[in-house]
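Reading the structure
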Amino acid sequence: MDATIAIGLEDVEAAPSVVAIGFFDGVHRGHQSLIARTLKIASERDARAVVVTFDRHPMEVVNPGARPPLLMTLEQRLAALAAQDVDLVVALPFDDSLRHLSPVDFVDHVLAGPLQATHVVVGANFRFGHKAAGDVTTLADLGPAFDFTSEAVTLLEMDEVVVSSTEIRGAIERGDVVQAGRWLGRPYVLEGIVVRGDQRGRQLGFPTANMQVDPRAAVPSNGVYAGRFGLPDGTWQPCAISVGTNPTFSGVTSLRVEAYLLDFDGDLYGIEAGVQFTHRLRDEVRFDSVDALVEQMHADVARTRELLAD
């Protein structure tokens, strides 16, 4: 059964719950292990399995200039959390009211009430309450007063690195989409709306879907990638992806994310789509001639076919 998704707690039905709390950007392998622990305890206690997240990154309210690029939109994150077999996903509006709650008031507002938390699962680096005054020790100390137990899950390590949203953002910003996908447990997906570009790719024989992406999103470093484009029918079409400013041509200053779909002919304008990044092919290069660029594009497409062959 699909999880229920709620924005805020107002309409949440009261029931005993085992609750996981976090921002969960990326819903990566570390998050998945924490949620798996939540599911196990919920099953043992015959309680509802709940994930609590926030509708925006806390830094967007506390210090907007320090907000990191995001691995997922809110919609992506809620869908990914709901796919973890939990019963309920709650997105709390992170506003000034929530921001200024003390740790005890945060527990009273979020974990008591309709969630009726009997057990709370968090990451070992979890902080909560005004000015992040509360930590896992605070949570454990508050548990008896609110009739819940809690545990801090050791952060997952892979490749001698603690898997975190920060590490994954760094990999993406370096263009290391293979490593990012390994830590995520799936290819990194950038979502956006297909808009009209300058039609230059079509003139060169490589019509591209020009993606208008959320300015808050983490975008792979400039270069050419192999990946897949999500079509409205739910299928994923192999594609070569260019990220950058098209330096061979003058006059382009804004970042472009463009996907050339292999063996596809159709109108994509206006659709909301996702692009999976599976491999980095090369750096962005300024070519001395259009012919040299076209020759390289043919090579990029051939390499994409090789990498994505079933």
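What counts and how
- Residues numbered from 1 in each chain as written.
- Predicted model: local features only at pLDDT ≥ 70, side-chain atom pairs only at ≥ 80, totals over all residues.
- Heavy atoms only, no water.
- Pairing = 2+ DSSP bridges.
- Helix = DSSP H or I, 4+ residues; strand = E, 2+ residues; numbered from the N terminus.
- Axes fitted to C-alpha atoms, helices over the stretch in contact; angles between N-to-C directions.
- Salt bridge = Lys/Arg side-chain N within 4 Å of Asp/Glu carboxyl O.
- Buried < 20%, exposed > 50% of the residue type's maximum accessible area, 1.4 Å probe, protein only.
- Contact = heavy atoms within 4.5 Å.
- Parallel < 35°, antiparallel > 145°, perpendicular 65-115°, else oblique.
- Left-handed = near helix turned anticlockwise from the far one by under 90°.
- Right-handed = clockwise from strand over helix to strand, strands pointing away.

**Section: the sheet that holds strand β13 (residues 256-261)**
- The strand order β9-β10-β13-β12-β11-β14 describes a closed barrel built from six strands, whose pairing is antiparallel. Adjacent strand axes in the sheet meet at a mean angle of 45° when their direction is disregarded.
- Examined bridge by bridge, strand β9 (residues 188-195) and strand β14 (residues 272-283) share six bridges and lie antiparallel to one another. Paired with Gly192 across the two strands is Ala273, which belongs to β14.

**Let's talk about the pattern of salt bridges**
- Summed over the entire model, instances satisfying the criterion amount to twelve salt bridges.
- One salt bridge in this structure joins Arg56 and Asp55, with 2.8 Å as the shortest N-O distance.
- Look at Arg56 and you get partly exposed, because its relative accessible area is 29%.
- Arg282 is the partner of Asp300 in a salt bridge, and the nearest nitrogen-oxygen pair spans 2.8 Å. Residue Asp300 is located in helix α10 (residues 290-308), and its partner Arg282 is located in strand β14; the two are separated by 18 residues in the primary sequence.
- Among the residues examined, Asp300 registers a relative accessible area of 6% and is labelled buried.

**Some remarks on helix α3 (residues 74-82)**
- Within α3, burial applies to Gln76, Arg77, Leu78, Ala80, Leu81 and Ala82.
- Summarising the contacts, the buried residues of α3 are in contact with β1 (4-7), α1 (29-45), β3 (48-54), β4 (88-92) and β9.

**Looking at the packing of helix α5 (residues 103-111) against helix α6 (residues 136-146)**
- Packing of α5 against α6 leaves a shortest axis separation of 10 Å and a crossing angle of 55°. With respect to α6, the axis of α5 lies oblique. Classified by chirality, the crossing of α6 by α5 is right-handed. Between α5, through Pro103, Val104, Val107, Asp108 and Leu111, and α6, the contact on the second element is made entirely by Thr138, Leu139, Leu142 and Phe146.

**Describing the sheet that holds strand β5 (residues 117-123)**
- Spatial ordering of the open sheet is given by β1-β4-β3-β2-β5-β6, a layout of six strands whose pairing is parallel. The open sheet terminates on both sides in strands that have one partner only, identified here as β1 and β6 (149-153). Adjacent strand axes in the sheet meet at a mean angle of 20°, parallel and antiparallel pairs treated alike.
- Lying on the sheet, α1 is in contact with β2 (17-21), β3, β5 and β6; it crosses β5 at an angle near 165°.
- Contacts between α6 and the sheet are confined to β5 and β6, with β5 contributing the most and set at about 180° to the helix.

**Describing the pairing of β5**
- Within β5, six of the seven residues are buried, which leaves the element mostly enclosed by the surrounding structure.
- Where β2 meets β5, four bridges bridge the pair, whose relative direction is parallel. Residue pairing for β5: Val19 is matched across the bridge by Val120.
- Sheet analysis places β5 next to β6, joined by five bridges and oriented parallel. The residue of β6 that forms the bridge with Gly123 is Val153.
- With α6 bridging β5 and its parallel neighbour β6, the resulting β-α-β unit is right-handed.

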